[in-house]
Amino acid sequence: MTEVRPPVAASAALWEREAEVAAVVRAVDTLCADRSSAGSLLMIRGEAGFGKTALLAETRRIAEARGCQVWSARGGETLRSVPFNVVRQLLQPALVSLLPEEAREYLGDWYDIAGPALGIAEPGERRPDPQGVCDGLVAAVRRLARRDWPLVLLIDDAHWADQETLRWLAAFAERLDDLSVLVVVARRPGDIRGESARHLEAVAASAGSPVTNLSALTPDATAGLTRATVGAHADAAFCREVWAVTAGNPYETVELLAKVQDSEMEPVESSAAELRALNRAARGGGLVARLEGLGIEATRFAWAAAILGAGITVGQVAELATMSHDDAVRCADLLLNARILTTPDPASAPVEEGDLEFVHPLIATAVYNSIPPALCTAMHGIAARVVTDSGRGAAAASRHLLEVHPDDDAELVAQLREAAAEHLAVGAPDAARRCLERALREPPLPEVHPHVLYELGCAALLTAPATTINHLRSALAMPGLDGPARVDAVYRLSQAFLHNNQIEEAVRTVEAEAARHESGPAKLRLQAVQYMWEGIHAGEASSPGRSERLADLARTCSGRDNSERAVLILRGFDAMAHGENAEEVVELCDRALVNGRLAPGLGWTDPEWGIELLMMLASAYAFADRLDRAEALYNEALRAYESAGWSGGHLSLAHAYIGVGHRRRGRLREAEKSLRESLRLAERVGRGLPLYWSATCNLVDTLLARGHAEEAWQVAEQYGFAPPYPSTIVLPDPRSVRGRLLLAVGRTEDGINELEQAEKAAAARGHHNPVLVPWAVDLARALATEDPARAARLASDVRRHAERFGTDTAIGEALRCAAALETGQRAVRLAAQAVTFLEASPCQYEHAAARIEYGIAARSTTELNRGLALARQCGADGLVTLAETVLAKETGPA
């Protein structure tokens, strides 16, 4: 029988791993061949003991032999609650080699965003966006990887990595195409659920090659390993029993053979019966019994080491196990000799880690699970004190605090609240949520309880709005949450309802709370929030008399504080949507500013009011033809979110509205670019949210303006731009845009039906601004042949509403619509009037379309050429084709 042997230099755990090692060699050779080569990722999956760690160690040996930098990290079963634990381990070799000023130089703008998560910078005053922190970590590793090429990243036990690291790893793996780095990830199958499982699946999907699934050793390989370890004279029956006892598990095979050597057992058939008992001593209960055989002090030492989990030092274990240093040293030697603990490999050990580690995670798990539950809880409490006394802070101690038995401990609640605040400060809201949920089980003192619920609600607002609702409702039902904190809790609760698609409940919540207050700043703030949620509600009808009540309230406001400024903004937006005089809209909005700028406390990243209010301000300007002020606000939003590292929903909306500004200006290429970036970011946040609709709706609208109807249809199909529509309004009106899309792709009847639904919705809401809700213009054109009388009425209504609103864009678009329904000289006159108004408008696409339509009606090559030049500037390919076709007919071949 032929024995399958690995290379001489390989570990015993690498038997039958030739194919896997060959794949590693190919990946390393590719990495080293060319600095510009694309990065790659290898995913190794195998049961416990199947040699994942050994394969990573071989990868390190191969890579370092070829001159690669190798950074490594591993997850820990008891460390999954420690945010950024694994990515911090991974980057330690690079971080410790940099002085603070060098780190700031390398990380650039990302230093203040990713630095706190990595532990190399103090958190800022403003809570970071978790997505921004993730992107900052991606950027940090990319920059460091370029400096340290060729670089290999090794992550062991990824199934036990913290969720924040896995989120980073999934994002980093997506961006390997243009970064020459090799990432090797090892994990067990199973052992992971929820978001972490989703992130690991994304990592596997990014791998350029199939996932490597490690298998058990074959009987032949087990026989070869047995004879290589205990002697060539081991007989076949003994070798078969080794395989049967271990089921071919490489780790168990190596451990069993070590015990065969220690016991001086003869490797012959007559000894084979003793192998099962010997193997039991290496795992589970047998391991625990063997540990207990070393004595109570050694057992206590091992327990303390399992509690610490990482960074195991003799000194900390001695303190935790309450023993002298000399006794601790003696116990450490016993456990080293018993192959329960080992000293870390200097080549792969994280910087500044401990003196000891468990020989294998299976041993660590068995030892931890053997600790009596009450004692385990008590030891975690002592460990928390040890960590705190060492000056590492509440966040570092929190993983132990989470395990302490609830006991009405007010100090523990305070520590957990402090830890939650530290987690939030570095962009780890899930870790903060776990701390606050544990604090509730203590439970807190009655006067503290509502504050913990409030903090928990704020921590979970964006990630779990339904859970937030329950926490904040409970907090508000308790005595003790008063003053500004109560008003803010009500606002947060209404926000949670909004994010949970319960906008009517959001409105009722702030309305009921406002009724409890006397006139003053708190009541005005709540009233403003109520009007804000009503203003963005896309329901069938607004509450009776809402606009009148809002107008009356706005008349009492001069802009003395932010609540008054909010009311003025809301009144301006409401007037714009209803198509009231645009000059009055602008005047209301201007009064909400301070010297032409946003007031302190009302900025894009200020939490008191949120993004919705400022988007309403910018939109009121945009659709009232004050694009200069709208674009200034859009650009300010983008700068604010980028500098703060907010790269989730807020940044997506900022790009969407930058796209709106480009679209209104007629810069269609730039609009498409911004909107595609917005949609990319929105995809990471989640489909179905209002920001997702904003990106999709405006991208479809822009592609239609460009004349790319088929591409617009593909986008609509891919991203679900179809009924049912969201409960919050989207600008411009999605029904109108979808109706136009259906007409553009030849589904005329469906398009007319969609536009008629837009008509009903707009009438119920009182939205008569023909630029914001442009259904009537497209419906009139669609009905021109089938029902010319109705088309004429619609065009007349559009013109009446446009003249009431009074902007050049609205009037020019109304005249374009009227001209399209006429013939002869009347059509020419109306088209000429449309050009006059739209030439004065900031909207160049509409101006280009009007020029071309006027040129066609008047058979004027001059106007056609002027329209053609404008269309080319805008990137309006459809208009360009139309103008060139008509010009070719008018002038003949060149």
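The rules behind these values
Residues numbered from 1 in each chain as written. Predicted model: local features only at pLDDT ≥ 70, side-chain atom pairs only at ≥ 80, totals over all residues. Heavy atoms only, no water. Helix = DSSP H or I, 4+ residues; strand = E, 2+ residues; numbered from the N terminus. Buried < 20%, exposed > 50% of the residue type's maximum accessible area, 1.4 Å probe, protein only. Contact = heavy atoms within 4.5 Å. Areas by Shrake-Rupley, 256 points an atom, 1.4 Å probe, with all protein chains shown as cover. Lys, Arg positive; Asp, Glu negative; His and termini not counted. Charge placed at Lys NZ, Arg CZ, Asp CG, Glu CD. Patch = residues over 30% accessible without salt bridge, like charges linked within 9 Å, V, L, I, M, F, W, Y side chains within 5 Å. Salt bridge = Lys/Arg side-chain N within 4 Å of Asp/Glu carboxyl O. Axes fitted to C-alpha atoms, helices over the stretch in contact; angles between N-to-C directions. Parallel < 35°, antiparallel > 145°, perpendicular 65-115°, else oblique. Left-handed = near helix turned anticlockwise from the far one by under 90°. Nonpolar A, V, L, I, M, F, W, Y, C, P; charged D, E, K, R; others polar. Core = buried A, V, L, I, M, F, W, Y, C linked by side-chain atoms within 4.5 Å. Expected span 1.5 Å × (residues − 1). 1 Å grid on protein atoms, 1.4 Å probe; cavity = no way out; pocket = protein on both sides within 12 Å on 5 of 7 lines; lining within 4 Å. Points joined across faces, edges and corners; volume = space filled by probe spheres on them. Pairing = 2+ DSSP bridges. Phe/Tyr/Trp six-rings, centres within 6.5 Å; stacked < 30°, edge-to-face > 60°. Lys NZ or Arg CZ within 6 Å of the ring centre and 35° of its normal.

Asker: I tried to follow the overall build of the chain on my own but got confused; where do I start?
Answerer: Secondary structure assignment for the chain yields 44 helices and seven strands. Here the C-alpha coordinates of the chain stretch approximately 110 × 75 × 50 Å along the principal axes. By residue count, 56% of the 894 residues in the chain fall in the buried class. Partitioning the contacts of the chain with sequence separation of at least 6, the portion at a separation of at least 24 is 67%. Entry remark: accessible area of the chain is about 36,400 Å², with carbon and sulfur atoms responsible for 50%. If the 92 positive side-chain charges of the chain are averaged to one point and the 120 negative ones to another, these points end up 5 Å apart.

Asker: Sorry if this is basic, but what is going on with a negative patch on the surface here?
Answerer: On the surface, D407, D408, D409 and E411 cluster together into a negatively charged patch. As for its position among the elements, E411 is in helix α20 (residues 410-425).

Asker: When you look at the packing of helix α33 (residues 668-685) against helix α35 (residues 709-719) in this model, what are you seeing that I'm missing?
Answerer: Relative placement of two packed helices is described by the angle separating their axes and the distance separating the axes. Contact geometry for α33 and α35: axes closest at 13 Å, N-to-C directions at 15 degrees. Judged by the angle between their axes, α33 and α35 are roughly parallel. Note on packing geometry: the crossing formed by α33 with α35 is left-handed. Here α33 contributes E672, R676, L679 and E683 to the contact with α35, which in turn contributes E711, V715 and Y719. When its residues are assigned to classes, the contact of α33 with α35 shows three nonpolar, no polar and four charged.

Asker: Mind showing me how you'd approach the nonpolar core here?
Answerer: As a rule of thumb, nonpolar side chains are buried together in soluble globular proteins. In this structure, W533, W604, V700 and W775 are the most contacted members of the largest nonpolar core, which totals 165 residues. Take this core: its biggest share by element is 10 residues, from helix α30 (residues 611-622). With residues near it in sequence (within four places) discarded, W533 still touches Y491, S494, Q495, L498, I503, A506, V507, V510 and E612. Counting 53 residues, the second largest nonpolar core, distinct from the first, contains A117, W168, A173 and V181.

Asker: Sorry if this is basic, but what is going on with helix α37 (residues 748-765) here?
Answerer: Structural remark: α-helix, 3.6 residues per turn; residues separated by three or four positions point the same way. With 18 residues, α37 extends 26 Å between its outermost C-alpha atoms, agreeing within 8% with the 26 Å of an ideal straight helix rising 1.5 Å per residue. Residues of α37 that are buried include every one of G751, I752, E754, L755, A758, A761, A762 and R765, and no others. Where the residues of α37 are buried, they touch α26 (521-536), α28 (562-578), α36 (734-744) and α38 (775-782). Trailing α37 by a residue or two, G766 shows a phi angle of about 75 degrees, which is positive.

Asker: Any chance you could explain empty space enclosed by the protein here in plain terms?
Answerer: Picture a little ball the size of a water molecule; that probe, rolled over the atoms, points out where space is still empty. Inspection of the entire model under this criterion finds one cavity of 30 Å³ or more. Its boundaries defined by the atoms lining it, the largest cavity holds a volume of some 50 Å³. Elements with a minimum of two residues in the lining of the largest cavity: α1 (18-33) and β1 (40-45). The class makeup of the residues in the lining of the largest cavity is six nonpolar, one polar and one charged.

Asker: Help me understand the sheet that holds strand β5 (residues 212-213), please; the structure alone is not making it clear to me.
Answerer: Strands belonging to one sheet form pairs held by backbone hydrogen bonds; the direction of such a pair is parallel or antiparallel. In space, the five strands of this open sheet follow the order β2-β3-β4-β1-β5, with parallel pairing throughout. With partners counted over all chains shown, the strands left at the sheet margins are β2 (69-74) and β5, one partner each. The pairing of β1 with strand β4 (residues 181-187) spans six bridges and is classified as parallel. Each bridged residue has a counterpart across the sheet, and for R45 the counterpart in β4 is R187.

Asker: Hey, could you run me through the pattern of salt bridges in this one?
Answerer: A side chain of one charge can pair with a side chain of the opposite charge if their charged atoms are brought near each other. Counted under the stated rule, the structure contains 61 salt bridges. Among the salt bridges present, the one from R629 reaches D590, with a minimum N-O distance of 2.2 Å. Here the residue R629 occupies a position in helix α31 (residues 627-644), and D590 occupies one in helix α29 (residues 582-591), the gap between them amounting to 39 residues. Residue class for R629 comes out partly exposed when judged on its relative accessible area of 28%. One salt-bridge network, held together by shared partners, links E534, R546, R571, D574 and E580.

Asker: Hey, could you run me through the packing of α26 against helix α27 (residues 546-555) in this one?
Answerer: At a minimum axis separation of 12 Å, α26 and α27 run at an interaxial angle of 145 degrees. Handedness of the α26/α27 crossing: left-handed. Facing α26, whose interface residues are L524, Q527, Y531, E534 and G535, α27 presents R546, R549, L550 and L553. A per-class count over the contact of α26 with α27 returns four nonpolar, two polar and three charged.

Asker: Is there a simple way to think about the environment of E511 in this case?
Answerer: Its place among the elements puts E511 in helix α25 (residues 503-515). Residue class for E511 comes out partly exposed when judged on its relative accessible area of 40%. Separated by 19 residues in the primary sequence, E511 and Q530 place their C-alpha atoms 6.1 Å from one another.

Asker: Explain the side chain of S81 here, please?
Answerer: Relative to the helices and strands, S81 resides in the loop between β2 and α3 (85-95). Look at S81 and you get buried, because its relative accessible area is 18%. For S81, the contacting residues outside a window of four places in its chain are R399, L402, A431 and R434.

Asker: Before we go on, may I ask you to explain the packing of aromatic side chains in this structure?
Answerer: Any two aromatic rings considered together are summarised by their centre-to-centre distance and by the angle between their planes. Counted by the stated rule, this structure contains eight aromatic pairs. With 6.3 Å between their ring centres and 5 degrees between their planes, Y491 and W533 make a pair best called stacked. Placement of the pair is Y491 in helix α24 (residues 483-499) and W533 in helix α26, with a sequence separation of 42 residues. We classify Y491 as buried; its relative accessible area is 1%. On the basis of relative accessible area, W533 is assigned to the buried category, the value being 0%. Ring geometry for Y634 against Y657: centres 5.7 Å apart, planes inclined by 40 degrees, an arrangement best described as tilted. Taken together, the residues Y634 in helix α31 and Y657 in helix α32 (residues 649-665) connect sequence positions 23 residues apart. Taken together, the ring pairs in this structure connect W604, Y641 and W646 into an aromatic cluster. Over the face of the ring belonging to W609 we find R525, whose NZ or CZ atom lies 5.6 Å from the ring centre.

Asker: How should unusual backbone geometry be read in this particular structure?
Answerer: Trans peptide bonds make up most of the peptide bonds, and negative phi angles are found at most residues other than glycine. A cis geometry characterises the amide bond from W149 onward to P150, with omega recorded as -5 degrees. Assignment of secondary structure puts P150 in the loop between α6 (130-147) and β3 (151-156). For the bond running from L731 to P732, omega is -10 degrees, close enough to zero to count as cis. Tracing the chain through its elements places P732 in the loop between α35 and α36. Positive phi is not limited to glycine here, since R339 has a value of about 55 degrees. Structurally, R339 can be placed in the loop between α16 (325-337) and β6 (341-342).

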